Amino acid sequence: MTDRTLPVPLTQSSGTERMFPKLTAAQIKRIAAHGRVRSIRPGEVLAEAGEQALPFFVVTAGEVEIVRPSGTTETLVAVHGPGQFTGEVNMLSGRPALVRARVSEPGEVIELDRERFLALVQTDSELSEIIMRAFIVRRVELIAHGLGDVVLVGSNHCSGTLRVKEFLTRNGHPYSYIDLDRDADVQVLLDRFHVTAADVPVVICRGDVVLRNPTNQQIAACLGFNEAIDETQIRDVVIVGAGPAGLAAAVYAASEGLDVLVLETNAPGGQAGSSSKIENYLGFPTGISGQALAGRAYTQAQKFGAHVVIARGAKQLACDHKPYAIEIDDNLRVPARTIIIATGAAYRKPSVENLSQFEGAGVYYGATFMEAQLCRGEEVVVVGGGNSAGQAAVFLAQTAKRVHMLVRSNGLAESMSRYLIRRIEQNPAIVLRTNTEIVALEGSDHLERVSWRDAGTGDIENHYIRHIFLMTGAVPSTQWLDGCVALDPKGFIKTGPELSQDDLVAAHWPLARPPHLLETSLPGVFAVGDVRCGNIKRVASAVGEGSIAISFVHKALHD
Ligand SMILES: Cc1cc2nc3c(=O)[nH]c(=O)nc-3n(C[C@H](O)[C@H](O)[C@H](O)COP(=O)(O)OP(=O)(O)OC[C@H]3O[C@@H](n4cnc5c(N)ncnc54)[C@H](O)[C@@H]3O)c2cc1C
């Protein structure tokens, strides 16, 4: 039974040329050279939802309909006629298909298995552009219509629900959401799967698997996010972390013919993925959301053949002999000739539940000219008592009406420069509030109110303030390295010229040459992006470092 819950199939909605382009005869001929031509008959299923590593089909005659099956019903998503092709981004990753492709009119198709399809998009730039664009736009539409293989049952007041939502969203996976607090019919669904409200969040995965408050790793496993990792294969390069730095390294390494594995604890995009709009990244004059940038970079890395593994992070680096190995969960060891550490940093954040809701919409981690313009003439909060907080307070006080500087301890940090302390004390627009911490944030699309508590008196004050700057520093994700590479006193990784002679002696640097620019104290192990000591914490520098590291990887592979 086909239930047309979409107003019209996507192929009939407006602006579909990019989503469902019609290939020219010349383009079809080039594809045919890679595949086989075969006839199709009505009712034949060319690709089933849930199947992995599906072939790619170009319709040359007849019609193929794309439906999203759900229990006994189906939603008609699209209809492909002559010149059109099947597939969306899952075809690159080899993940299970979200939809079924079934022949509705007899005719003929060109069929390419996944290997040949990948070879085609890597070598034919014109077709690659058309197909990649269509795949990305199709995935965006599936997300917009919640046409996926996941139903999330939860409550917006439950942190587990927010975590699962964030994980699915950041991984670009479509899902439908049932809110326990709003949907009266939800009990019927819960009864059907024998779950209680106490089990939330509940993830109903691929139709019938019920996961009660699952970890991100369990969700990734159920949705088939990852292909199996071959422990016997020694990779040219293993990249740890899929933020902008790691993804850039993956794109360059894979496009230059290296055998690449990327390990990511959470979701592609890293910190940048949580930014609602990045306005200063070159080439995007109207800005781009971190999610869109990450999604494109992830697709690009896969197009070139990088193997990206999600929700499986590095637990340890085995560095005592070559080849090095990265140990991940389940005692799996991945051997590598070279390693790129791109694990970034995490900003210290106050433990306020809905903080992430306002990141980029009233909550900022840097005070540049751009943010200063946003809060011109308004009251702002700067959290932190160190140099970066002091600089931010003094800078923002030039344009803001008032700067409330909130410090958890009983004064500014001893490490703060004397000149900054004097400027803060002498500036009437800056109000220093010691022993004070943020306790609540409120607003809808943007931050509107901030509450803070004075630890001395216990008093809570509420203020109509729309901008807070969290300047409490970033913690590098280097705990898992366990002494393998030299770190600076704050835990960031030293590379190239940052490594002193003493560092190299202590690390028993074995080579006659000094470390390359982004090389750590361990030959063939590189660090890029926010995790690196001295890095400028910006998307562009992370991407730049990730890409240039690959030229040094080539050199290290020849050492
Ligand atoms: C809210 C926000 C807004 C921002 N806005 C801008 C902006 O507008 N413009 C700009 O230029 N910069 C911006 N930045 C800064 C920019 O996002 C960072 O400089 C950039 O993301 C750093 O990239 P990275 O790849 O080095 O590290 P990250 O982005 O931190 O990525 C590191 C990745 O490694 C993963 N990881 C960590 N440990 C492990 C492990 N053990 N195993 C496997 N994976 C691991 C993490 O999950 C993460 O995905 C913003 C940052 C934030 C937080």
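Please refer to the structure higher up on the page.
Here the residue numbers are simple positions, counted from 1 along each chain's written sequence. Owing to the predicted nature of the model, reporting of local features is limited to residues with pLDDT of at least 70; listing and counting of side-chain atom pairs is limited to 80 or more, with chain, interface and lining totals taken over all residues. The basis for every side-chain value is the complete set of heavy atoms in the structure, and neither hydrogens nor water enter the calculation.

> Help me understand the overall build of the protein in this model?
Numbering of helices and strands starts at the N terminus; helices are DSSP runs of H or I of at least 4 residues and strands are runs of E of at least 2. Scanning the protein from terminus to terminus reveals 14 helices and 26 strands. Taken over C-alpha atoms, the radius of gyration comes to 26 Å for the protein, in line with the 24 Å a tight globule of 559 residues would show. The C-alpha extent of the protein, read off along each of the three principal axes, is 80 × 65 × 45 Å. Put simply, the protein has 559 residues, and 53% of those count as buried. Of the roughly 25,200 Å² that the protein leaves accessible, carbon and sulfur atoms contribute 50%. Within these notes, the globule rule equals 2.2 Å times the number of residues to the 0.38 power, and the radius of gyration is based on C-alpha atoms. Under the scheme applied here, a residue whose accessible area is under 20% of the maximum for its type counts as buried, over 50% as exposed, and between as partly exposed, the area being computed with a 1.4 Å probe on protein chains only. Per-residue and other accessible areas were derived by the Shrake-Rupley procedure at a 1.4 Å probe size, with only the shown protein chains allowed to occlude residues.

> So what exactly am I meant to see when it comes to unusual backbone geometry here?
Among all residues except glycine, the phi angle is most often negative; among peptide bonds, the trans geometry is most common. Between V200 and P201 the backbone carries a cis peptide bond, its omega angle lying at 0 degrees. Inspection of the secondary structure assignment puts P201 in the loop between α6 (186–192) and β8 (202–205). In the segment running from K322 into P323, the intervening peptide bond is cis, with an omega of -5 degrees. The residue P323 is located in the loop between β13 (314–318) and β14 (324–328) in this model. The phi dihedral of N213 falls on the positive side, at around 40 degrees, and the residue is not glycine. Take N213: it is sitting in the loop between β9 (209–212) and α7 (216–222). When its relative accessible area of 42% is taken as the criterion, N213 is described as partly exposed. The phi dihedral of H508 is positive, around 55 degrees, even though this residue is not glycine. Mapped onto the elements, H508 comes out in the loop between α13 (501–506) and β26 (525–527).

> Before we go on, may I ask you to explain helix α4 (residues 125–144) in this structure?
Every α-helical turn comprises 3.6 residues, leaving residues that sit three or four positions apart pointing alike. The first and last C-alpha atoms of α4 sit 28 Å apart over 20 residues, in line with the 28 Å expected at 1.5 Å per residue. Residues L127, S128, I130, I131, M132, A134, F135, V137, R138, R139 and L142 constitute the buried set of α4. Buried residues along α4 sit against α1 (25–32), β3 (56–70), β4 (73–80), α2 (90–93), α3 (114–123) and α9 (290–303). At the N-terminal boundary of α4, the capping side chain belongs to D124, with an oxygen 3.3 Å from the backbone nitrogen of E126. To estimate how far a helix should extend, the number of its residues minus one is multiplied by 1.5 Å. By definition, residues are in contact when any of their heavy atoms lie within 4.5 Å. Here a polar contact means two N or O atoms within 3.5 Å. Within protein one must be a hydrogen donor candidate and the other an acceptor candidate, and residues neighboring in sequence count only if both atoms are side-chain atoms.

> Would you explain the site of the ligand in this entry?
In the neighbourhood of the ligand, 32 residues make up the surrounding shell, with E264, Q271, N280, A314 and D530 lying closest. Contact distances for the ligand include 2.8 Å between an oxygen atom and a backbone N or O atom of D530. For the ligand, whose free accessible area comes to 1,000 Å², the fraction covered by protein is 88%. Secondary structure elements with two or more residues in the shell around the ligand: α8 (244–255), β11 (260–264) and α14 (539–557). When residue character is reported, Ala, Val, Leu, Ile, Met, Phe, Trp, Tyr, Cys and Pro are called nonpolar, Asp, Glu, Lys and Arg charged, and the others, Gly included, polar. Of the residues in the shell around the ligand, the class split is 15 nonpolar, 13 polar and 4 charged. Nearness is defined per residue: one heavy atom within 4 Å of the molecule or strand is enough.

> What is the right way to read the nonpolar core from this model?
Side chains that are nonpolar tend, in soluble globular proteins, to be buried together. In these notes, a set of buried Ala, Val, Leu, Ile, Met, Phe, Trp, Tyr and Cys residues joined through side-chain atoms within 4.5 Å is what counts as a nonpolar core. The biggest cluster of nonpolar side chains holds 45 residues, and the ones touching the most others in it are V203, I219, V237, I239, V260 and I340. With 7 residues, the single largest contributor to this core is α8. Leaving out residues up to four positions away in the same chain, I239 has contacts with G246, A249, A250, V260, L261, V262, L263 and I340. In this structure, V77, L118, V121 and M132 belong to the second largest nonpolar core, which totals 42 residues.

> What am I meant to see in the state of the cysteines here?
By definition, a disulfide links the sulfur atoms of two cysteine residues through a covalent bond. Two cysteine sulfurs form what is called a disulfide whenever their separation falls within 2.5 Å. Applying the stated criterion to the full structure yields 2 disulfides. Each sulfur in the disulfide pair C205 and C222 lies 1.9 Å from the other. The disulfide joining C205 to C222 has a torsion of about -115 degrees about its S-S bond and is therefore left-handed. A residue pair is termed long-range when its members are at least 10 positions apart, and C205 in strand β8 and C222 in helix α7 qualify at 17 residues. The pair formed by C205 and C222 is uniform in burial state, with each residue classed as buried. Note on cysteine connectivity: C319 is disulfide-linked to C484, with sulfurs 2.1 Å apart.

> How should the packing of α8 against α14 be read in this particular structure?
Here α8 crosses α14 at 35 degrees, and the two axes come no closer than 7 Å. Pair α8 / α14 crosses with right-handed handedness. Contact residues: P244, A245, A248, A249, Y252 and A253 in α8; V539, A542, V543, G546, S547 and I550 in α14. Taken together, the residues of the contact of α8 with α14 break down into 10 nonpolar, 2 polar and no charged. As a rule, the C-alpha atoms of each element are fitted with a line to give its axis, helices using only the stretch in contact, and angles between N-to-C directions run from 0 to 180 degrees. By convention the crossing between two helices is left-handed if the near helix lies anticlockwise of the far one by an angle smaller than a right angle, and right-handed if it lies clockwise.

> What is the right way to look at the pairing of β4 in this model?
Here is the key point about a regular strand: its side chains alternate between the two faces of the sheet. Counted residue by residue, β4 has 6 buried out of 8 residues, so it is predominantly covered. Strand pairing is defined by DSSP finding a minimum of two bridges between the two strands. Pairing analysis gives 7 bridges linking β3 to β4, with the strands arranged antiparallel. Bridge pairing in β4 places V64 opposite H80. Where β3 hands over to β4, the hairpin turn is made up of 2 residues, of which G71 adopts a positive phi near 60 degrees.

> Would you explain the environment of R418 in this entry?
By the element assignment, R418 lies in helix α12 (residues 418–426). With 31 residues separating them in the primary sequence, R418 and N387 have C-alpha atoms 9.9 Å apart.

> Can you walk me through α9 in this structure?
Under the 1.5 Å per step criterion, the end-to-end length of α9 is 20 Å for 14 residues, consistent within 8% with the ideal 20 Å. Packing partners of the buried residues in α9 comprise α2, α3, α4, α8, β12 (307–310) and α14. With its phi angle positive at about 100 degrees, G305 sits one or two positions after the end of α9.

> What should I look at first to understand the pattern of salt bridges in this one?
Between side chains of opposite charge, pairing is possible as soon as their charged atoms come close. Criterion for a salt bridge: a side-chain nitrogen of Lys or Arg within 4 Å of a carboxyl oxygen of Asp or Glu. In total, this model carries 29 salt bridges according to the counting rule given. With a closest N to O distance of 2.6 Å, R30 and D124 form a salt bridge. Of this pair, R30 sits in helix α1 while D124 sits in the loop between α3 and α4, placing them 94 residues apart in sequence. According to the relative accessible area criterion, R30 is partly exposed, its value standing at 32%. In this structure, R532 engages E545 in a salt bridge whose closest nitrogen and oxygen atoms are separated by 3.0 Å. Of this pair, R532 sits in the loop between β26 and α14 while E545 sits in helix α14; the two residues are 13 residues apart in sequence, bridging distant segments of the chain. What makes E545 buried here is its relative accessible area of 10%. What you see here is one network of salt bridges that share partners, running through E48, E65, E74, R100 and R102.

> Would you mind showing me how to read the side chain of N216 here?
Note on placement: N216 falls in helix α7. At 3.5 Å, the side chain of N216 and the side chain of N266 are in polar contact. Dropping the residues within four chain positions of it, N216 is found in contact with R163, F167, N266 and A311.

It is worth stressing that arrangement in space is one thing and function is another; only the former is reported here.
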